Amino acid sequence: MRIIWLVTLAALSPVLLMSEEFKFEPNYDESLIPDYTLPDVLDDVSSAEDWPAKRTEWLNLIGTQMFGVLPASFQDVTATAEPLSADKSILGGKGRLRQLTVTLAGCELNLALFLPSSATTEYPAPAFLGYNFSGNHTVFPDPDIVLTESWMRRKEDGKASADDRGASASRWSIERMLDNGFVLATLYYGDVDPDKDDNFQNGVHAELGQPGPDEAASIATWAWALSRLLDVIESDVTEIDSDKVAVFGHSRLGKTSLWAGASDERFALTISNNSGCGGAALSRRAIGETVWKITTAFPHWFCDNFDQYGNNEGAMPFDNHTLLALIAPRPLYIASAEEDRWADPKGEFLSCVHATHVYELLGTEGMPASEMPGLNEPVHGRIGYHIRTGKHNVTDYDWEQYIAFAKKHFN
Ligand code: GCU
């Protein structure tokens, strides 16, 4: 009898699991948040001198338990760049568009640079470096922007289409960047690693191999490639001041920008827009998207070790405030949106509050707010934060803040 029961249960378990997923109802009620204690980001550290060793510990923990650390196959891989097109004047001479082909681990990445006319080798400009979701051609409506040949998500045939030129332009505020003397360097993230659960058969993994349970999954791979692009900027783009490169990302790419900024201290400033679970939001609050939900829906983003914390966030030896603290004392901007409850705006804000302890230990101010600011009332300390009205998105309002924040810290 017992055996029959066990066999039936085993046969039904995939169905039960599926129905659990089907039934997932995010909690948005603050009163239902489980009691939790956050790991103390400073732990036993009491002086700035002791922070680097603690930082290394957190970096390894978050690496091995969440994003995955870089396997040996990634270690000495370098990127090379070739011009893809001659510079082209854009926006009535406010700037110029340059395209480079970057070769990385057998992949060709198209890097688009939007340079302000003021940027020269003698007077190099600060830059924002960030991935786009749908190809460089969607960022700016120029007919000469090369269409990526990489697999394109949300397209039935998996191909980039010229019909989408400029379709995401509202997310990039390029004219505002150029007017303020900033470069935008952007590329399609799928050029590095297609965003699908393909068992790591494509993108750079085709050459570098599949990750082990504690090794770089997709987010860590995208973050690593941002560092290789910074190498290219340092060596090949003399019009960019490589000491003033801000790494930027939205949503899953905002999780990526955080890991890039945490892992590579050459990034002078980090911006994470609406990054939510696995990004800026505290995991233990389990508001909106949870660790179980994200590791089930997007298993390729995180290393396999992270799965053990699904519905078990209290067992995480860190929480996401420690991820933000890795960026200290460099400037960091976290942004939320009022209607983006899935990303838990309050959890994103609280991470900044807790990361502030490290900024203060290191002699900087961190975030100058301990209460959640009002809507559209940004605070710009060493940590910047705002919650704007509206949905999960990147808007001109967001860029207005990022540009002001970068100007404040780069000057
Ligand atoms: C999904 C996912 C989020 C992610 C977002 C995005 O909503 O659940 O974690 O941030 O996609 O990248 O757009």
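Residues numbered from 1 in each chain as written. Predicted model: local features only at pLDDT ≥ 70, side-chain atom pairs only at ≥ 80, totals over all residues. Heavy atoms only, no water.

Another aspect to go through is the confidence of the model for the protein chain. Per-chain confidence: the protein chain averages 95 in pLDDT, with 95% of residues scoring 70 or above. Below a pLDDT of 50 lies the segment residues 1–21, which in the model reaches 6 contacts outside its immediate sequence neighbourhood of four places, other chains included. (pLDDT = per-residue confidence, 0-100. Contact = heavy atoms within 4.5 Å.)

Turning our attention to helix 6 (residues 252–263). Relative to the 16 Å expected for 12 residues at 1.5 Å per residue, helix 6 spans 17 Å between its end C-alpha atoms, a close match to the ideal helical length. Counted residue by residue, helix 6 has 11 buried out of 12 residues, so it is predominantly covered. Those residues of helix 6 that sit buried are Arg 252, Leu 253, Gly 254, Lys 255, Thr 256, Ser 257, Leu 258, Trp 259, Ala 260, Gly 261 and Ala 262. (Helix = DSSP H or I, 4+ residues; strand = E, 2+ residues; numbered from the N terminus. Expected span 1.5 Å × (residues − 1). Buried < 20%, exposed > 50% of the residue type's maximum accessible area, 1.4 Å probe, protein only.)

Right, let's talk about the layout of surface pockets for a bit. Taken as a whole, the largest pocket encloses approximately 570 Å³ of empty space. Secondary structure elements with two or more residues in the lining of the largest pocket: strand 4 (125–132), strand 6 (240–250) and helix 6. It is helix 6 that provides the largest number of residues to the lining of the largest pocket, a total of 3 residues. In the lining of the largest pocket, the residues fall into 16 nonpolar, 12 polar and 9 charged. In this structure, the second largest pocket is lined by 15 residues; those nearest its centre are Leu 59, Val 69, Leu 70, Trp 259 and Ser 263. For the lining of the second largest pocket, the secondary structure elements donating two or more residues are helix 2 (51–67), helix 5 (218–236) and helix 6. (1 Å grid on protein atoms, 1.4 Å probe; cavity = no way out; pocket = protein on both sides within 12 Å on 5 of 7 lines; lining within 4 Å. Points joined across faces, edges and corners; volume = space filled by probe spheres on them. Nonpolar A, V, L, I, M, F, W, Y, C, P; charged D, E, K, R; others polar.)

This part is about the sheet that holds strand 6. Across a sheet, paired strands are connected by hydrogen bonds in the backbone, their directions being either parallel or antiparallel. The strand order 1-2-3-5-4-6-7-8-10-9 describes an open sheet built from 10 strands, whose pairing is mixed. At either margin of the open sheet sits one strand with a lone partner, and together these are strand 1 (80–90) and strand 9 (379–380). Relative to strand 8 (residues 332–337), strand 7 (residues 269–273) runs parallel, the two sharing 4 bridges. Bridge assignment links Thr 270 to a residue of strand 8, and that residue is Leu 332. Sheet contacts for helix 5: strand 1, strand 2 (95–104), strand 3 (107–116), strand 4, strand 5 (183–188) and strand 6; angle to strand 4, the most-contacted strand, approximately 145°. The strands touched by helix 9 (residues 345–361) are strand 8 and strand 10 (383–388); relative to strand 10, the strand with the most contacts, the crossing angle is about 170°. (Pairing = 2+ DSSP bridges. Axes fitted to C-alpha atoms, helices over the stretch in contact; angles between N-to-C directions.)

Moving on, we come to the packing of aromatic side chains. A full pass over the atoms with the stated rule returns 23 aromatic pairs. Taking 4.9 Å as the distance between ring centres and 40° as the angle between the ring planes, the aromatic pair formed by Phe 67 and Trp 259 counts as tilted. With Phe 67 in helix 2 and Trp 259 in helix 6, this pair connects stretches of sequence that are 192 residues apart. On the basis of relative accessibility, which here comes to 0%, the residue Phe 67 falls in the buried class. With a centroid separation of 5.2 Å and an interplanar angle of 65°, the aromatic rings of Phe 349 and Tyr 385 are classed as edge-to-face. Taken as a pair, Phe 349 in helix 9 and Tyr 385 in strand 10 lie far apart in primary sequence, 36 residues in all. (Phe/Tyr/Trp six-rings, centres within 6.5 Å; stacked < 30°, edge-to-face > 60°.)

Throughout the structure, instances matching the rule amount to 2 cavities of 30 Å³ or more. Empty space within the largest cavity amounts to approximately 60 Å³. As for the largest cavity, its lining consists of Cys 277, Ala 281, Leu 282, Ser 283, Ala 286, Ile 287, Glu 289, Thr 290, Val 291, Glu 313 and Asp 344. Of the residues contributing to the lining of the largest cavity, the split by class is 6 nonpolar, 2 polar and 3 charged. For the second largest cavity, the calculated volume is near 30 Å³. Looking at the second largest cavity, the residues that line it are Asn 110, Gly 135, Asn 136, Val 146, Leu 147, Thr 148, Tyr 188 and Asp 191.

Bringing the environment of Lys 346 into the picture now. Position of Lys 346 among the secondary structure elements: in helix 9. Lys 346 sits in the partly exposed class, given a relative accessible area of 36%.

Time to look at the pattern of salt bridges. A side chain of one charge can pair with a side chain of the opposite charge when the charged atoms of the two come close. Under the counting rule described, the total for this entry stands at 26 salt bridges. Measuring nitrogen to oxygen at the nearest pair gives 2.8 Å for the salt bridge that ties Asp 87 to Arg 98. Taken together, the positions of Asp 87 in strand 1 and Arg 98 in strand 2 put the pair 11 residues apart, joining distant regions of the chain. A relative accessible area of 36% places Asp 87 in the partly exposed class. A salt bridge links Arg 176 to Glu 400; its shortest N-O distance comes to 3.7 Å. With Arg 176 in helix 3 (residues 174–179) and Glu 400 in helix 10 (residues 396–410), this pair connects stretches of sequence that are 224 residues apart. (Salt bridge = Lys/Arg side-chain N within 4 Å of Asp/Glu carboxyl O.)

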